[in-house]
Structures are given as structure tokens and as C-alpha cells.
Amino acid sequence: MGRVALDEYRRRRRFGVTPEPRGRTARQSASRLRFVVQKHRATRLHYDFRLEWNGVLLSWALPKGPSLDPSQKRLAVPTEDHPLEYAGFEGVIPEGEYGAGTVMVWDRGTWTPEVPDVDAALAKGDLAFTLTGTKLRGSWVLVRTRGYGGAGRPGWLLIKRRDARASAEDVTETAPRSAASGRLLVEIARDEGGDVARAADGDPSGVVRKLLARPGAGSGGRRTRRR
Ligand code: MN
């Protein structure tokens, strides 16, 4: 499955131009399955939700991002499978390339299926799972629906299930920084030669204002800053 799946990923990208990984041939999944949520300031801001399965990252685009509130069903539009290496990608996709814009590793960790047969659950369109990330934890479900995403495009919904990790907190606003580097989108764009103004537009405005007021502080990033 994996090689065919990655064909679409590779067809859309020019690897001499974009810093995104080409990806090796799909590998067998390790015992612990990874997940990643990448915040992506492309033409439109969205969050890419990816679950490791069968040696690739199954992927959905969340226009509004995930919500910890079980009453907030978040549209999840299926996108092409990505290579496992993509889980570590944070940086800038150059202008003119597919998905051009700034990418942040917004959350990452491992996931555990809550069903005995993941392939059957995906085919049925009802997958329950536990996330163990830095921001997203506890029980979630991805459900396929009709009536979302336009004609001929099956939509899915990502929904937090009611448990101790459910919350009314707006986690995309309260936790806007990278789980990998501690950076905001604006800081990733600045460090990696991206469109700083457009990236800043994807960060919560209050946090960006604070950063501009104290340009030397607040990153928490690992990379050395140019001065
Ligand atoms: Mn994306």
C-alpha cells in the first residue's frame, strides 16, 4: 500500500526545491505509532493531522484545527499519505511550490487504536483512538460523514470524546508554539527565510504583539538567532 500511496505525495512536490522529505519506501510500523499535527500557514491557515499506519502517515487537513471540546466537531479533509519522515518536518515550503508557506510541528506523540482492526475501522469510517501528545491527549474519534467537504469529497470529523482530557480550553489559541522547537510561525518563517508577515498572521495576535514589543525574548527556540 505504502509505495502507491507515496506516489501522489511525490508527484505534487519538487524535492530539489522544497525542503520537505522525499521519504523512503514505506516501512513497517514500529510498535509505537506516531502522530503529528502540523500547523500550516499555506494559502489558508490549517492544521494537518497525521497518524502513522502501515508505514505511512495517513493525513487529514483541519481548516479550524483540533478542539478539546467534545461538542466541537472539526472538519477533517483527507489528503495524500505522507512519508513517516514528514512527522519531523518544520520549516518553509518555497513560494510557487505545492503547499507553499510555513509549517510548524504543533503537536506530536504516539497514538493507540481503541479498535481491534484499524483498517476495518477506516473502511467503515469510524476510528476511535487515544492520543498521547504534548497538547492533545485522551480519547478521540475520526468519523466519515456525508454532506461535508463538497460533492464527491467525503469529509471526516475529528471529535474529542468525553474524558478527563476534554476541556473548553481553546488549545490552538492557548498553545500556539511548536512542540518541537518552541517557536511561533513567525519565528519559523524568520529563521528559515519565509514570508514573516504572512506567517505572523497565523499566530495569535496577542502573542505576536508581545514578541514585537520584546524582540529578544519569548522564542524558546533551539536555533541560534541571527543578531
Ligand atoms: Mn497542509
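Residues numbered from 1 in each chain as written. Predicted model: local features only at pLDDT ≥ 70, side-chain atom pairs only at ≥ 80, totals over all residues. Heavy atoms only, no water.

Engineer: Explain the overall build of the protein chain here, please?
Structural biologist: On a plain count of helices and strands, the protein chain comes out with 6 helices and 9 strands. When the 227 residues of the protein chain are sorted by exposure, 50% land in the buried category. Of the roughly 11400 Å² of accessible surface on the protein chain, 49% is carried by carbon and sulfur atoms. (Helix = DSSP H or I, 4+ residues; strand = E, 2+ residues; numbered from the N terminus. Buried < 20%, exposed > 50% of the residue type's maximum accessible area, 1.4 Å probe, protein only. Areas by Shrake-Rupley, 256 points an atom, 1.4 Å probe, with all protein chains shown as cover.)

Engineer: I tried to follow the pairing of strand 3 (residues 56–62) on my own but got confused; where do I start?
Structural biologist: Each regular strand displays side chains that alternate between the two surfaces of the sheet. For strand 3, the tally of buried residues reaches 7 of 7 residues, placing the bulk of the element in the interior. Where strand 2 (residues 45–53) lies against strand 3, 7 bridges are found, and the strand directions are antiparallel. Across the sheet, D48 pairs through a bridge with A61, a residue of strand 3. Hairpin remark: strand 2 followed by strand 3, antiparallel, with 2 residues in the connecting loop; positive phi at N54, about 50°. Bridging between strand 3 and strand 4 (residues 74–83) involves 5 bridges; their strand directions are antiparallel. When the sheet's bridge partners are listed, W60 is paired in strand 4 with P78. (Pairing = 2+ DSSP bridges.)

Engineer: Explain the coordination of the manganese ion here, please?
Structural biologist: Four donors placed tetrahedrally about a metal ideally form angles of 109.5 degrees, and six donors placed octahedrally ideally form angles of 90 or 180 degrees. Distances from the manganese ion to its protein donors, namely H40 (ND1), H46 (NE2) and D48 (OD), fall within the range 2.1 to 2.3 Å. Each donor residue of the manganese ion belongs to the same chain, with the gaps between them written as H-x5-H-x1-D. One exposure class covers both H40 and D48, and it is buried. (Donors = N, O, S within 2.8 Å, 3.2 Å for Na, K, Ca; no water.)

Engineer: Even after reading the chapter, I still don't get helix 4 (residues 185–192), so can you show me in this structure?
Structural biologist: Since the α-helix advances by 3.6 residues per turn, residues separated by three or four positions end up pointing in the same direction. The element helix 4 is largely enclosed, with a buried count of 6 among its 8 residues. Along helix 4, the residues that are buried comprise L185, V186, E187, I188, A189 and D191. Residues of helix 4 that are buried in the fold lie against strand 1 (33–41), strand 2, strand 5 (91–93), strand 6 (101–113), helix 5 (196–200) and helix 6 (205–213). Positive backbone phi, approximately 75°, marks G193, located one or two places after helix 4. (Contact = heavy atoms within 4.5 Å.)

Engineer: Sorry if this is basic, but what is going on with the nonpolar core here?
Structural biologist: As a rule of thumb, nonpolar side chains are buried together in soluble globular proteins. In this structure, F49, L51, W60, W111, F129, L131 and L142 are the most contacted members of the largest nonpolar core, which totals 45 residues. What L51 contacts, discounting residues up to four positions off in sequence, is R34, F35, V56, L57, L58, W60, W111, L127, L131 and L142. Core analysis: the next-biggest nonpolar cluster, separate from the first, contains 5 residues, L184, V186, A200 and L211 among them. (Core = buried A, V, L, I, M, F, W, Y, C linked by side-chain atoms within 4.5 Å.)

Engineer: Explanation requested: the environment of E20 in the structure shown.
Structural biologist: Counting through the fold element by element, E20 comes out in the loop between helix 1 (2–11) and strand 1. Residues E20 and E90, 70 residues apart in the sequence, show an inter-C-alpha distance of 8.6 Å. Contacts of E20, omitting those with residues within four sequence positions, involve Y9, R13, F15, Y86, F89, I93 and Y98. Polar contacts involving the side chain of E20 include one to the side chain of T18, which spans 2.7 Å. A distance of 2.5 Å separates the side chain of E20 from the side chain of Y86, its partner in a polar contact. (Polar contact = N/O pair within 3.5 Å; in protein donor to acceptor, adjacent residues only side chain to side chain.)

Engineer: Please clarify how unusual backbone geometry should be interpreted in this entry.
Structural biologist: If a residue is not glycine, its phi is most likely negative; likewise, a peptide bond is most likely trans. Positive phi is not limited to glycine here, since N54 has a value of about 50°. Position of N54 relative to the elements: it lies in the loop between strand 2 and strand 3.

Engineer: How should I be thinking about the side chain of R41 in this particular structure?
Structural biologist: One can find R41 in strand 1. Among the residues examined, R41 registers a relative accessible area of 10% and is labelled buried. Reaching out from R41, the side chain makes a polar contact with the backbone oxygen of R198 at a distance of 3.0 Å. One polar contact links R41 to D201, side chain to side chain, over a distance of 2.8 Å. Setting aside anything within four residues of it in sequence, one finds R41 in contact with A100, G101, T102, L185, R198, A199, D201 and G202.

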